[in-house]
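# Per-entry structural report
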2 protein chains.
Amino acid sequence: MAAAIALSERGRGRTAPNPNVGCVIVKHGRVVGRGWTQPGGRPHAEAVALEQAGASALGATAYVTLEPCAHHGARGPACADLLVAARPARVVAAITDPDPRTAGQGFARLRAAGIAVTEGILVEPARRAMAGFLTRQTLGRPHVTLKLATSLDGKIALPSGESRWITGPEARAHAHLERARADAILVGRGTHDADTPRLDVRLPGLEDRAPARLLLSRSFAAQASAEHPALITEMLLGGGGGGYLVLSAPDQITALPRTDHVLVEGGAGVASSFLAADLVDRLLLYRAPILIGEGRAAIGDIGLGQLSEAHGRWALTDTRTFGIDPLEIYERRR
Amino acid sequence: MAAAIALSERGRGRTAPNPNVGCVIVKHGRVVGRGWTQPGGRPHAEAVALEQAGASALGATAYVTLEPCAHHGARGPACADLLVAARPARVVAAITDPDPRTAGQGFARLRAAGIAVTEGILVEPARRAMAGFLTRQTLGRPHVTLKLATSLDGKIALPSGESRWITGPEARAHAHLERARADAILVGRGTHDADTPRLDVRLPGLEDRAPARLLLSRSFAAQASAEHPALITEMLLGGGGGGYLVLSAPDQITALPRTDHVLVEGGAGVASSFLAADLVDRLLLYRAPILIGEGRAAIGDIGLGQLSEAHGRWALTDTRTFGIDPLEIYERRR
């Protein structure tokens, strides 16, 4: 299952509105098929793995990170039906699909066909890998990761604005990997104008990942929507031909098509807006072992009335170190 | 040696100007004597351990965290002479005593008497345990620990000043233990007036530890010295009968008698003053998994001209977690 989850991560950020599923098929202790949801959402992970396994799927064990879908789509058959046809002896799954079109019916169809089903294996890691799809299903909006890169005292720049660099090259490379795992990246007007970030993925082999680029700017959105009266207005900004979708408020991410994982990159105003709206599910806190003192804070007003309101919201779920810079990952407790 | 270092910690904060040494004597695989420098600096660790070992010291191995002293004092004989008289077969030491009255002569005297000497065992942990004495010897001033307790975004209070509590009871208890390990605790005028901290050690069994209390206040020091023209003026402040020594500048800690370990507790002004003067050797960073946003920063202006100056100063040497609050310990790289 851990291998299936690792495979599912390969699709993350490119499968919305479909879940990024992973699948491993094992026969007599050997892997005979591997698959993950392909960019655009099809084929599904099970279809890829079953095609690879061919006749070997008969009597095998299929590990899937999400309950196989029970609904036929215009673009392919239901994975539950594909499995029933391939006749593995057993299907092991992490999570039940919350999509009402499946929601247990995938498992039921397998069991009805005489295939043994085990559920609930490695639920938490699978939930993290498919956080976008699951958040969309449960909260009706994309999963939001906020990235902060600060000094030990929570600063992101000197008073002059100098911010290159707080963290080292290893941490910055990992931040690029996180871009590759998002459907869309969001910055604020200040960050856009000061840094004109390319918001691309500058990692060998991942250069073709091009998450959508979002700009949160109330004034800009007002100006844009005067010309094009739409909730969300696409427009071109600056050089390099980079198109940005302009949002006027954090909750407009809800309406974005094919966007289940949003990475909020900064600056402090944008971070504060999303935190104040309680729209951050995951916090990537890159930290450099430096003290800055007087400087620009990573976040501003998030609407906290008293200290007790701050407690109990965040749980540390992972830590890593890049070069000398620790990364802490927190998740919003809900 | 690790056991000897652990014993040495028992004296930390109460032996200045003497080093807080630890000693363990082992004979045929059994511990026959243990000692640590006693409050006030005498008896020395070796004297305590040798007294406990008695005749068993003959042919034993003595582990000491610092080279045994070679100089007679008014209050007792040199430890090197005590060891030569007790005739252990071997002495294992962590660090050479930088005190010019010993500085290798302790080891030489042991070797001249036919006792085998091994040096340089567990140097770094021993150095940390006796940081006060060693800093006094090498830099001519006390060793300074700065304690900060912040949110993930580096804040120590809401805009209103509300700061109780950022960290939980376990982290706060550990901070009290750190008080017990200091000769003196220092706060600024703002912290004194806002919190009237007792600056005592509220831990079972350690209530008798009473580090000296220091107050850094330029204006207060000026007022006090007008009445008593001394560099450092002792005076009484507030209720509770607590006496504070008032300093007008961070570097006045150099002149404090019997003070080799200073714990700087806050607030932001005091922290910034010590950091700007490059007088912080060790940083205790207690962090709560909360975000505050707008609020009071842990440190203010520390005189940083550009970002490159911030890098390379601090090395993470230890991490622990108290309840849900991580503690990171950094040391100044010199």
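Residues numbered from 1 in each chain as written. Chains lettered and ligands numbered in written order. Predicted model: local features only at pLDDT ≥ 70, side-chain atom pairs only at ≥ 80, totals over all residues. Heavy atoms only, no water.

### Quick look at helix H6 (residues 131-139) of chain A
Residues and elements named next belong to chain A. Of the positions making up H6, those classed as buried are Ala131, Gly132, Phe133, Leu134 and Thr135. Where H6 is buried, its residues contact strand E3 (61-66), strand E4 (90-95), helix H5 (123-129), strand E6 (143-151) and strand E12 (261-266). Downstream of H6 by a residue or two, Gly140 has a phi angle that is positive, lying close to 70 degrees. (Buried < 20%, exposed > 50% of the residue type's maximum accessible area, 1.4 Å probe, protein only. Helix = DSSP H or I, 4+ residues; strand = E, 2+ residues; numbered from the N terminus. Contact = heavy atoms within 4.5 Å.)

### Topic: the sheet that holds strand E5 (residues 116-118) of chain B
Residues and elements named next belong to chain B. Taken in spatial order, the five strands line up as E2-E1-E3-E4-E5 in an open sheet, and their pairing is mixed. Edge positions in the sheet fall to strand E2 (30-36) and E5, since each has one partner strand and no second. Here the strands of the sheet are splayed against their neighbours by 15 degrees on average, with no regard to which way each runs. Across three bridges, the pairing between strand E4 (residues 90-95) and E5 is parallel. Within E5, the position partnered with Val91 by the bridge is Val117. Packing of helix H2 (residues 45-53) onto the sheet brings it into contact with strand E1 (22-27), E2 and strand E3 (61-66), and relative to E2 it is tilted by some 145 degrees. (Pairing = 2+ DSSP bridges. Axes fitted to C-alpha atoms, helices over the stretch in contact; angles between N-to-C directions.)

### Overview of the pairing of strand E1 (residues 22-27) of chain A
Bridge count between E1 of chain A and strand E2 (residues 30-36) of chain A: six bridges; the pairing is antiparallel. Bridge pairing links Cys23 of chain A to Gly35 of chain A in E2 of chain A.

### Remarks on the relation of the copies chain B and chain A
Least-squares fitting of chain B to chain A yields an RMSD of 0.0 Å, with the transformation described by 0.0 Å of translation along the axis and a rotation of 180 degrees. Put plainly, the chains are arranged around a two-fold axis. Proximity to the rotation axis, assessed at the C-alpha, singles out Gly154 of chain B in chain B; its C-alpha lies 2.2 Å from the axis. (Least-squares fit on C-alpha atoms with pLDDT ≥ 70 in both.)

### Topic: the state of the cysteines
Residues and elements named next belong to chain B. For the structure on display, the rule yields zero disulfides over all chains. As a non-bridged cysteine, Cys23 has Cys79 as the owner of its nearest cysteine sulfur, 8.4 Å distant. The exposure class of Cys23 is buried, given its relative accessible area of 1%. Summary of cysteine pairing: Cys79 is not part of a disulfide, and the nearest cysteine sulfur, belonging to Cys69, is at 3.8 Å. The exposure class assigned to Cys79 is buried, which follows from its relative accessible area of 1%. (Disulfide = S-S within 2.5 Å.)

### Let's talk about the interface of chain B and chain A
Between chain B and chain A, the residue contacts involve 34 residues of the former and 35 residues of the latter. Of the roughly 3000 Å² buried where chain B meets chain A, counting both sides, 66% is carbon and sulfur surface. Area buried by chain B at its contact with chain A is led by Leu152, Leu291 and Leu307 of chain B, which between them contribute 23% of it. Where chain B packs against chain A, one counts two salt bridges. For the salt bridge of Arg287 of chain A with Glu328 of chain B, the shortest nitrogen-to-oxygen distance reads 2.6 Å. On inspection of chain B and its partner chain A, the count reaches eight residue pairs in polar contact (both at pLDDT 80 or more). For the side of chain B that touches chain A, the element with the highest residue contribution is strand E13 (residues 282-288) of chain B, accounting for three residues. Grouping the amino acids of the side of chain B that touches chain A by side-chain chemistry returns 19 nonpolar, seven polar and eight charged. (Buried area = accessible area lost by both parts, 1.4 Å probe. Salt bridge = Lys/Arg side-chain N within 4 Å of Asp/Glu carboxyl O. Polar contact = N/O pair within 3.5 Å; in protein donor to acceptor, adjacent residues only side chain to side chain. Nonpolar A, V, L, I, M, F, W, Y, C, P; charged D, E, K, R; others polar.)

### Some thoughts on the UniProt feature "domain: CMP/dCMP-type deaminase" (unreviewed entry) in chain A
When the UniProt feature table is mapped onto this chain, "domain: CMP/dCMP-type deaminase" (unreviewed entry) is found at residues 1-118 of chain A. Counted over residues 1-118 of chain A, helix gives 28% and strand 24%. Its end C-alpha atoms are 12 Å apart. (UniProt positions renumbered as here; feature names shortened; annotations may be inferred.)

### Re the side chain of Glu331 of chain A
Residues and elements named next belong to chain A. By the secondary structure assignment, Glu331 is in strand E16 (residues 325-332). Here Glu331 falls in the buried class, since its relative accessible area comes to 12%. Within polar-contact distance, the side chain of Glu331 engages the side chain of Arg127 at 3.1 Å. Ignoring anything within four residues of it in the chain, the contact list for Glu331 reads Arg127, Arg128, Asp281, Arg282, Arg313, Trp314, Ala315 and Thr317.

### Considerations on helix H7 (residues 169-180) of chain B
If you check H7 of chain B, its first and last C-alpha atoms are 17 Å apart, about what 12 residues at 1.5 Å a residue would give, namely 16 Å. Those residues of H7 of chain B not exposed but buried are Ala171, His174, Ala175, His176, Glu178, Arg179 and Ala180 of chain B. (Expected span 1.5 Å × (residues − 1).)

### Some remarks on the packing of helix H2 (residues 45-53) of chain A against helix H3 (residues 79-86) of chain A
Describing two packed helices takes the angle between their axes plus the distance from one axis to the other. Residue and element names in this part refer to chain A. Interhelical geometry of H2 versus H3 gives an angle of 20 degrees and a closest axis separation of 9 Å. Put simply, H2 runs roughly parallel to H3. Considering the relative orientation of H2 and H3, their crossing is left-handed. Within the contact between the two elements, H2 uses Glu46, Ala47 and Leu50 and H3 uses Cys79, Leu82, Leu83 and Ala86. Class assignment of the residues belonging to the contact of H2 with H3 gives a composition of six nonpolar, no polar and one charged. (Parallel < 35°, antiparallel > 145°, perpendicular 65-115°, else oblique. Left-handed = near helix turned anticlockwise from the far one by under 90°.)

### Observations regarding the domain arrangement of chain A
As a measure of interface size, the accessible area lost when the parts come together is often cited. All names here are of chain A. Annotation of chain A at the domain level lists domain 1 (2-133) and domain 2 (142-332). Every contact between the two is made by 17 residues of domain 1 and, on the other side, 14 residues of domain 2. Summed over both sides, the interface between domain 1 and domain 2 buries roughly 1300 Å², with carbon and sulfur atoms accounting for 38% of that surface. Looking at the side of domain 1 facing domain 2, the largest losses of area belong to Arg12, Gly13 and Ala16, adding up to 42% of the total buried there. Applying the counting criterion to the domain 1 and domain 2 interface returns three salt bridges. Between Arg128 and Glu331 there is a salt bridge; the shortest N-O distance is 2.4 Å. Linking domain 1 to domain 2 there are six residue pairs in polar contact (both at pLDDT 80 or more). Broken down by secondary-structure element, the contributors of at least two residues to the side of domain 1 that touches domain 2 are H5 and H6. Tallied by class, residues from the side of domain 1 that touches domain 2 come to six nonpolar, five polar and six charged. (Domains from an automatic or database assignment.)

### Structural notes on the pattern of salt bridges
When charged atoms on two side chains of opposite charge get close, those side chains can pair. Under the criterion given, the structure shown has 40 salt bridges over all chains. The salt bridge involving Arg282 of chain B is made with Glu178 of chain B; its shortest N-O contact spans 3.1 Å. Linking Arg282 of chain B in strand E13 with Glu178 of chain B in helix H7, this pair joins segments that are 104 residues apart in sequence. The residues Arg282 of chain B and Glu178 of chain B share a single accessibility class, namely buried. Each member of the salt-bridge network shares a partner with another, and the members are Arg141, Asp278, Asp281, Arg332 and Arg334 of chain A.

### Observations regarding the packing of aromatic side chains
For the coordinates displayed, the defined rule picks out zero aromatic pairs over all chains. The ring of Trp36 of chain A has Arg10 of chain A sitting right over it, with the charged end atom 4.6 Å from the ring centre. Over the ring of Trp165 of chain B we find Arg172 of chain B; its NZ or CZ atom is 3.9 Å from the centre of that ring. (Phe/Tyr/Trp six-rings, centres within 6.5 Å; stacked < 30°, edge-to-face > 60°. Lys NZ or Arg CZ within 6 Å of the ring centre and 35° of its normal.)

### Concerning the sheet that holds E3 of chain A
All names here are of chain A. Read across the sheet, five strands follow the order E2-E1-E3-E4-E5 without closing on themselves; strand pairing throughout is mixed. The open sheet has two edge strands with one neighbour each: E2 and strand E5 (116-118). The sheet shows a mean angle of 15 degrees between the axes of neighbouring strands, taken without regard to direction. Where E3 lies against E4, five bridges are found, and the strand directions are parallel. Among the inter-strand pairings, Thr61 is bridged to a residue of E4, identified as Arg90.

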